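Structural description and commentary
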Amino acid sequence: MKPHPHRQKPDTVTFQLPTYHDFRNPNLRGLRQSEREAYQLIVEFIGQEQMSTVDKQNFLRAVEILSGAVRAEGNGNMNNYYPKAILAKKIETLILEESTEILDSSVRQQAMLCIVALSQVNPPFHLSEILDLVSVGVSSVFSLPLIMPSLDRKDSASLYLQVTQALDDMLQALVMDTMDPNMLILENFLEIILPWLTQSDKVHEQTRALGTISRLLRFVCNFPTLLHMESFSMSGKLIGILGLFCLNSSHEIRLGASEALHYLSKILVLQRSVRQKTVNILRNLQKHFRGEWFASMQNVTLFFRKYLTPVERADVIMVTMESMTSSSWDDIYAASSMLEIILKYSIPEIGKVSEIIQYIYIHMNNITEPTAQNTVKKVLYLLSQAYTDEVILTLFKIQDQTEKEVCKPWEILASFPKGCEVIMKHLLQRLVPQQAPQDREPSQRAEISPLIATRAIHELLLESSQQMEVQTFFSPLFIALLFQTSFLMVEGNAEMIQDQRHVAEWVDPVSSTVKALKTLLLSSGYGNFESEIEKLGGWELLVDPERHHDGVTVVARCLVTKHCWHNCPIFGLLMKMLQDPNCTNHFTALVFLMELLQCPDVTAIVDDFVIHILANWFNCKEPATVKLLLQMTEVFTKHKNLERRLHILKPQILNCCYSSDGDIVKETFLMLKHLVENLSWQYSSSFLIQLTFTLEPFFEEESEHLRLLAFQIYSSLLAKVKRKVLIFPLRHQILNVIVFLVLHLQDVNLDVAQACQVSLCSTAALLCWSKLREVFTKEDVFTIIGALLQQETNKALWFLKQCVASFKSTQVPIRQAAVWFAGQILQTLDLEEMNEMEEAYAALRHMRRDPDPMVSCLAMQTTHVLEAKEKLLLAKPPISCLCRRRPQRGHL
């Protein structure tokens with residue numbers, strides 16, 4: 001039950017008779033005789049506790065006379081004659097002594113008018129003195145019983161009008177600060193008067209309070225300058241209270257509230273509107289003066305949106321919501337109606353959001369009327385859309401400080417499908433921290449961290465009742481939560497992990513994010529996905545720092561194998577993110593993407609733009625990312641739509657062969673081996689032809705493993721070539737490496753030798769070398785060299801150049817075979833051709849210093865033989881011009 005305002009009035013005033021030391025003897029020579037008598041009367045009565053009505057009236061008249069004398073002095077001071085504070089206390093006592101049961105004397109109003117006189121002389125009252133006088137005066141008048149005009153009570157009614165006017169005069173005098181009203185003093189007056197309006201259950205007391213407020217506001221609005229108007233904080237609360245009483249069932253109360261609201265609105269217009277618009281606004285206000293409730297509500301709505309500050313608007317909302325907890329159905333109806341009207345359109349800026357949310361959370365269960373419940377839910381809904389961060393922070397703060405849940409705010413928020421979607425979109429923006437532009441000013445409002453956003457998403461998902469609603473934002477939410485997990489696991493963001501505000505039991509950020517991810521799957525109707533991931537150990541892998549991306553692979557693979565409807569939307573989101581070269585979670589995105597490319601629906605929508613995005617990521621400086629892209633390329637062999645676009649990645653893939661990172665080179669060759677084995681010549685001919693040129697330098701690679709891969713890739717490539725496509729430049733390149741194949745039959749790695757033999761057989765088949773094919777299959781390297789040179793004599797110079805290139809081989813058997821093969825070729829040349837091959841001769845002479853004795857000995861012998869042949873050729877006479885010309889040698 002509300003406390004009655006009567007209990008707030010003071011019962012007694014402690015009065016102490018001044019001693020000789022309280023003030024000095026006054027100089028009365030400047031006073032008239034009547035003024036001296038008044039002074040003597042004051043001294044006589046000031047200490048008396050029991051005074052008759054006549055004595056009281058005489059005392060009060062004496063104070064007025066002395067006050068007039070002091071005021072007439074110009075700069076006079078009441079304390080020069082008698083302390084003003086003591087006089088005020090005596091007057092306060094006289095008011096308190098007046099009966100509140102009956103109005104039968106004029107002492108009350110005379111005392112108030114005496115205060116008016118005292119207020120006009122120095123020294124000014126202290127604020128505490130003013131408030132004591134106002135509190136006593138208000139209580140003394142408002143507590144009087146209802147006085148109805150009648151013939152037998154004519155004098156009482158007239159006396160009541162006089163005392164009401166005296167109270168108004170006292171309030172108006174005390175609210176002044178020199179020449180202008182002081183709004184801070186007015187605020188204190190309203191705090192004294194308003195309980196008589198809001199806590200009383202008597203209509204006449206409420207009517208008196210409204211009338212007093214109305215007349216006081218009317219007095220204030222007549223002044224162009226109001227002191228401390230910027231610090232006046234009662235506008236919102238007052239508009240809320242008056243607006244509610246404009247909907248009261250009592251016509252008298254409605255009329256008084258409408259009048260008071262009119263004058264308050266007038267003050268706000270005069271103080272806050274543009275001067276050019278003031279006249280029109282005041283004219284419109286005057287039209288609705290003492291109007292019906294609808295006109296009053298129009299004013300409330302107008303001033304709520306245009307003339308109140310965000311904090312004052314919050315006060316209006318708080319006042320109306322407090323009224324909803326009332327036991328009176330009329331109060332609840334009025335509050336619901338008023339909130340519905342002022343929040344009908346888009347909500348303006350609101351302050352004190354945290355306080356409003358806290359009030360809703362604590363008192364929601366006390367609001368039982370269905371209309372009021374819906375109104376409060378709408379307030380929560382609107383605030384959550386406009387001030388999502390503050391609402392969520394407040395809800396978690398209250399939840400974590402409260403042992404048991406008082407109401408279910410998350411259920412309320414989730415009950416608005418469109419609103420829940422808006423909140424989810426906002427939370428998605430908060431999941432991954434984004435760097436604010438340097439020119440943007442810092443926000444004054446609180447912003448939630450990604451961890452708190454995750455917790456809020458989890459709470460909303462738990463309350464979501466319809467799968468279709470969740471599925472509308474499943475894809476972005478799924479990716480955001482997955483990326484959030486990766487951000488915490490891989491990046492190891494210390495600031496986020498240490499942010500423990502509003503997390504309660506959610507101490508582990510990673511586990512809590514995975515928990516939200518599981519809830520999302522369950523809420524979207526993908527419960528079988530969640531259990532399958534659990535069965536495969538995907539959730540455990542996600543929270544394992546060393547195997548986190550294995551967990552990402554398991555999750556993605558499950559979505560593919562279970563034919564998730566959202567695979568294509570997720571793919572689109574990933575590609576949109578990967579367009580940003582600074583994407584923080586690019587590795588997780590690529591891991592997930594590699595599995596999505598196994599989905600036929602996804603591969604069907606891949607276009608050139610997507611492949612170009614992937615091509616750009618080959619420029620990433622992280623070796624792990626490049627290796628992942630190389631592994632992803634293997635998927636291209638499984639789908640024709642991807643294979644026909646492989647040429648876009650050709651420059652990036654082949655450039656990886658020359659990477660300074662040995663692991664990337666190795667990964668590239670492993671990938672190429674897989675590609676060549678599975679690609680079709682129809683869609684990948686340009687890529688395969690280019691590859692034959694790329695492989696050549698790696699035939700002499702020191703690493704056995706890499707060298708073996710190069711020959712194996714070349715062997716697989718030749719197996720795909722058909723005679724009908726053997727044209728330049730492929731035919732040229734096949735002949736350009738044939739000597740390498742022959743020489744590497746001597747490779748220390750038997751697997752390399754075997755791959756070379758297979759490649760030689762494929763080459764013979766393509767070039768229709770039927771005789772050589774049999775030789776390649778059965779004979780040793782030296783026999784093969786002789787047979788090759790014998791059949792393809794016209795290509796001797798071409799072969800010689802390949803031999804010279806092999807002089808640099810790190811393997812002794814290959815250098816030895818190369819020297820021998822070069823010697824055999826040089827011996828077939830005539831004098832003119834030998835002169836043209838001076839570089840080959842120089843390289844052969846250099847081989848005489850080879851560290852291996854067998855190679856150097858063979859090179860020595862070969863040079864001697866060639867020198868002898870040269871001398872012999874020089875000694876022979878020139879051949880007649882009529883002789884048959886020598887056959888043309890092939891050159892590279």
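Residues numbered from 1 in each chain as written. Predicted model: local features only at pLDDT ≥ 70, side-chain atom pairs only at ≥ 80, totals over all residues. Heavy atoms only, no water.

Here we take up the overall build of the chain. Across its full length, the chain carries 47 helices and 2 strands. With 892 residues in all, the chain has 53% of them scored as buried. In the chain, of all internal contacts separated by at least 6 residues, the share reaching a separation of at least 24 is 74%. By element, 51% of the accessible surface of the chain is carried by carbon and sulfur atoms, the whole surface being about 42,200 Å². (Helix = DSSP H or I, 4+ residues; strand = E, 2+ residues; numbered from the N terminus. Buried < 20%, exposed > 50% of the residue type's maximum accessible area, 1.4 Å probe, protein only. Contact = heavy atoms within 4.5 Å. Areas by Shrake-Rupley, 256 points an atom, 1.4 Å probe, with all protein chains shown as cover.)

Take the packing of aromatic side chains next. Tallied over the full model, the rule gives 14 aromatic pairs. An angle of 40° between the planes, with centres 6.4 Å apart, marks the rings of Phe799 and Phe821 as tilted. Here the residue Phe799 occupies a position in helix 43 (residues 796-805), and Phe821 occupies one in helix 44 (residues 812-827), the gap between them amounting to 22 residues. Here the two residues Phe799 and Phe821 agree in accessibility, since each one is buried. Put simply, the rings of Phe474, Phe478, Tyr526, Phe529 and Phe592 pair up and form one aromatic cluster. Across the ring face of Phe125, the terminal group of Lys84 is positioned such that the distance to the ring centre comes to 4.2 Å. (Phe/Tyr/Trp six-rings, centres within 6.5 Å; stacked < 30°, edge-to-face > 60°. Lys NZ or Arg CZ within 6 Å of the ring centre and 35° of its normal.)

Time to look at the nonpolar core. Counting 303 residues, the largest nonpolar core has Phe59, Ile91, Phe189, Ile356, Phe478, Phe592 and Phe669 as the members making the most contacts within it. Ignoring any residue separated from it by four or fewer positions in sequence, one finds Phe478 in contact with Leu517, Leu520, Leu521, Val555, Leu559, Ile570 and Phe592. (Core = buried A, V, L, I, M, F, W, Y, C linked by side-chain atoms within 4.5 Å.)

Here the residue pair Asn122 and Pro123 is connected by a cis peptide bond, since its omega of -5° sits within 30 degrees of zero. Here Pro123 shows up in the loop between helix 4 (107-119) and helix 5 (127-142). The phi torsion at Thr178 lies on the positive side, around 60°, for a residue other than glycine. Positive phi, normally seen in glycine, also occurs at His563, with a value near 55°. On the secondary structure map, His563 appears in the loop between helix 27 (548-561) and helix 28 (567-578). Among the residues examined, His563 registers a relative accessible area of 69% and is labelled exposed.

This part covers helix 15 (residues 353-363). Val353, Ile356, Ile357, Tyr359, Ile360 and Tyr361 are the residues of helix 15 that are buried. For helix 15, the secondary structure elements touched by its buried residues are helix 13 (310-324), helix 16 (370-386), helix 17 (388-401) and helix 18 (409-414).

Take helix 31 (residues 608-617) next. Every α-helical turn comprises 3.6 residues, leaving residues that sit three or four positions apart pointing alike. Taken residue by residue, helix 31 has Val610, Ile611, Ile613, Leu614, Ala615 and Trp617 as its buried positions. Those residues of helix 31 hidden inside the fold are in contact with helix 28, helix 29 (586-596), helix 32 (623-633) and helix 34 (650-656).

So, on to the state of the cysteines. As enumerated under the stated definition, the model contains 0 disulfides in all. The closest cysteine sulfur to the non-disulfide-bonded Cys599 is located on Cys568, 5.8 Å from its own sulfur. Given a relative accessible area of 6%, Cys599 falls into the buried group. (Disulfide = S-S within 2.5 Å.)

What follows covers the packing of helix 37 (residues 704-720) against helix 40 (residues 750-766). As a packed pair, helix 37 and helix 40 sit with axes 9 Å apart at the nearest point and diverge in direction by 25°. Here helix 40 runs roughly parallel to helix 37, going by the angle between their axes. Helix 37 and helix 40 meet at a crossing whose hand is left-handed. Taking contact as the criterion, the partners of Arg707, Leu708, Phe711, Gln712, Tyr714, Ser715 and Leu718 in helix 37 are, on helix 40, Asp751, Val752, Ala755, Cys756, Val758, Ser759, Ser762, Thr763 and Leu766. Of the residues assigned to the contact of helix 37 with helix 40, the class counts are 9 nonpolar, 5 polar and 2 charged. (Axes fitted to C-alpha atoms, helices over the stretch in contact; angles between N-to-C directions. Parallel < 35°, antiparallel > 145°, perpendicular 65-115°, else oblique. Left-handed = near helix turned anticlockwise from the far one by under 90°. Nonpolar A, V, L, I, M, F, W, Y, C, P; charged D, E, K, R; others polar.)

Further remarks concern the side chain of Ser105. With respect to the element layout, Ser105 can be found in the loop between helix 3 (84-97) and helix 4. Among the polar contacts listed, one links the side chain of Ser105 to the side chain of Glu98, at a separation of 2.9 Å. From its side chain, Ser105 meets the backbone nitrogen of Val107 in a polar contact 3.5 Å long. Beyond its immediate sequence surroundings of up to four residues, Ser105 is in contact with Thr53, Glu98 and Leu159. (Polar contact = N/O pair within 3.5 Å; in protein donor to acceptor, adjacent residues only side chain to side chain.)

To continue, consider the packing of helix 36 (residues 681-695) against helix 37. At their nearest, the axes of helix 36 and helix 37 sit 11 Å apart, and the two run at 140° to each other. If you check the angle between helix 36 and helix 37, you find them oblique. Judged by the twist between their axes, the crossing of helix 36 over helix 37 is left-handed. Residue-level inspection shows Trp681, Leu688, Leu691, Thr692 and Leu695 of helix 36 in contact with helix 37, the latter providing Ala710, Ile713, Tyr714, Leu717 and Lys720. Of the residues that constitute the contact of helix 36 with helix 37, the class distribution is 8 nonpolar, 1 polar and 1 charged.

Caution applies to low-pLDDT regions: their predicted coordinates should not be interpreted in detail. Averaged over every residue, the pLDDT of the chain is 84; residues scoring 70 or more account for 86%. Under a pLDDT of 50 for its full length, residues 6-22 has, in the predicted model, 29 contacts with residues more than four places off or in other chains. Across residues 494-506, confidence stays below pLDDT 50; counting only partners more than four residues off in sequence or on other chains, it has 30 contacts. (pLDDT = per-residue confidence, 0-100.)

This paragraph deals with the environment of Leu197. For Leu197, the location among the structural elements is in helix 7 (residues 183-198). Along the primary structure Leu197 and Ile241 are separated by 44 residues, whereas in three dimensions their C-alpha atoms are 8.9 Å apart. Discounting residues that sit within four places of it in the chain, Leu197 has contacts with Gln206, Ala209, Leu210, Ile241 and Phe245.

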